[in-house]
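# Summary of the model geometry
Here's the letter readout for the chains.
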Amino acid sequence: DNFDLQNPFVGLKVLDLSSVLAGPLTGTFFAELGAKVIKIENKLTDGDATRQWKLASEDPDSPYSAYYFSANYGKEVILMDLTDLVDRMTLEKMIAASDVIISNFQQKTAIKLDVEPDTLLNKYPNLIIAQLSAYAYDDPRPGYDLVMQGETGWLSMNGIDMNHIAKLPVAMIDIIASHQMREGILAALWLRERNHIGSIIHVSLYKSALSALANQATNYLIANHI
């Protein structure tokens, strides 16, 4: 009877371990709709890398940037050194108290920190873990936006010549992947509501970009037309 349509996720606890854009945007989606979202950032690097991605006109001494603000609205932010035993124990307690985990750790880092999706779900069967990767989870390659736009056809659709590349001026593939993560988490929340089990959601930037080609993909597959 007290359900708030403007804040449907009040009471939901989300732990955002991700960085840069796709993962943080996912966390912000839930924060804007009432969830309690805690974002863990790397103390050793002075936080998320996007804090330093500034326009020439921005204050170089500010701990934030316009880019950072675009993806981190409404969160409680805590800086931690996850190689430190005390911080690692604190993180474990936070994971145990969470409903959803958002991560974009590469597999080797997740293993080192003991936060692999399978490991977490075995410990906490009701947990929903959303894992973002550039390609497959076990592929160590990073996901650079320009490379992704090239590999998945977005650059060619915009048109190229020998002197210019028509790159989209926002990291659109990260934004698409963020929507995929949100959809996966929402489906997992519904599954948990019905069956009382958690889930692991794997989303890749590469596959997200391909999925968003829509009719351009079928144009090519059916008529060999770009």
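Everything here concerns the structure above.
In this report, the structure presented in the accompanying data block is examined. Not measured: the values here are computed from a predicted model. (Residues numbered from 1 in each chain as written. Predicted model: local features only at pLDDT ≥ 70, side-chain atom pairs only at ≥ 80, totals over all residues. Heavy atoms only, no water.)

## A look at the overall build of the chain
Scanning the chain from terminus to terminus reveals 10 helices and 6 strands. Its C-alpha atoms give the chain principal-axis dimensions of about 55 × 50 × 40 Å. Expressed as a percentage of the 226 residues in the chain, the buried residues total 41%. Sequence-distant contacts, at least 24 apart, represent 68% of the contacts inside the chain between residues at least 6 apart. If you sum the accessible surface of the chain, you get close to 12700 Å²; carbon and sulfur atoms cover 57% of it. Across the chain, the 18 positively charged side chains and the 27 negatively charged ones have centroids separated by 3 Å. (Helix = DSSP H or I, 4+ residues; strand = E, 2+ residues; numbered from the N terminus. Buried < 20%, exposed > 50% of the residue type's maximum accessible area, 1.4 Å probe, protein only. Contact = heavy atoms within 4.5 Å. Areas by Shrake-Rupley, 256 points an atom, 1.4 Å probe, with all protein chains shown as cover. Lys, Arg positive; Asp, Glu negative; His and termini not counted. Charge placed at Lys NZ, Arg CZ, Asp CG, Glu CD.)

## With respect to a nonpolar patch on the surface
A contiguous nonpolar surface patch, about 530 Å² in accessible area, is contributed by Tyr 220, Leu 221, Ile 222 and Ile 226. Within the secondary structure, Ile 226 sits in the segment after helix H10 (215–223). (Patch = residues over 30% accessible without salt bridge, like charges linked within 9 Å, V, L, I, M, F, W, Y side chains within 5 Å. Salt bridge = Lys/Arg side-chain N within 4 Å of Asp/Glu carboxyl O.)

## A few points about the nonpolar core
Nonpolar side chains tend to gather and get buried jointly when the protein is soluble and globular. Val 14, Phe 30, Ile 185 and Leu 189 are the most contacted members of the largest nonpolar core, which totals 29 residues. Taken together, the elements giving at least two residues each to this core come down to helix H1 (22–32), strand S4 (100–103), strand S5 (128–133), helix H8 (172–195), strand S6 (199–204) and helix H9 (205–211). Looking at which element gives the most residues to this core, the answer is H8, with 7 residues. Among all residues touching Val 14, those that are not within four sequence positions of it are Phe 30, Ala 35, Lys 36, Val 37, Ile 38, Val 100 and Ile 102. Membership of the second largest hydrophobic core comes to 18 residues, among which are Leu 15, Ile 40, Leu 91 and Met 94. (Core = buried A, V, L, I, M, F, W, Y, C linked by side-chain atoms within 4.5 Å.)

## Concerning the packing of aromatic side chains
What the rule picks out here adds up to 8 aromatic pairs. Geometrically, the ring pair formed by Phe 29 and Phe 30 is edge-to-face, given 4.9 Å between the ring centres and 85 degrees between the ring planes. Its relative accessible area of 0% is what places Phe 30 among the buried residues. Here a set of aromatic residues connected by ring pairs shows up, and it is made of Phe 9, Phe 29 and Phe 30. In this arrangement the basic side chain of Arg 51 is found over the ring face of Tyr 68, its NZ or CZ atom lying 4.6 Å from the centre. For Arg 141, the ring lying beneath its charged end belongs to Tyr 135, and the centroid distance is 3.7 Å. (Phe/Tyr/Trp six-rings, centres within 6.5 Å; stacked < 30°, edge-to-face > 60°. Lys NZ or Arg CZ within 6 Å of the ring centre and 35° of its normal.)

## Remarks on the layout of surface pockets
Of the pockets and cavities examined, the largest pocket occupies roughly 1200 Å³. If you trace the largest pocket, you find 43 residues lining it, with Ser 19, Val 20, Asn 104, Phe 105 and Gln 106 closest to the centre. Those elements giving two or more residues to the lining of the largest pocket turn out to be strand S2 (36–42), helix H4 (107–113) and S5. Counted as a void, the second largest pocket has a volume near 210 Å³. Lining of the second largest pocket is provided by 13 residues; of these, Thr 152, Gly 153, Leu 213, Gln 216 and Tyr 220 occupy positions nearest its centre. Those elements that provide at least two residues to the lining of the second largest pocket are helix H7 (154–158) and H10. (1 Å grid on protein atoms, 1.4 Å probe; cavity = no way out; pocket = protein on both sides within 12 Å on 5 of 7 lines; lining within 4 Å. Points joined across faces, edges and corners; volume = space filled by probe spheres on them.)

## A closer look at the sheet that holds S6
Reading across the sheet, the 6 strands line up as S3-S2-S1-S4-S5-S6 and stay open at both edges, with parallel pairing between neighbours. Of all strands in the sheet, those bounded by a partner on one side alone are strand S3 (76–80) and S6. Here the strands of the sheet are splayed against their neighbours by 15 degrees on average, with no regard to which way each runs. In terms of strand pairing, S2 meets S3 through 5 bridges, oriented parallel. Among the inter-strand pairings, Lys 39 is bridged to a residue of S3, identified as Val 77. (Pairing = 2+ DSSP bridges. Axes fitted to C-alpha atoms, helices over the stretch in contact; angles between N-to-C directions.)

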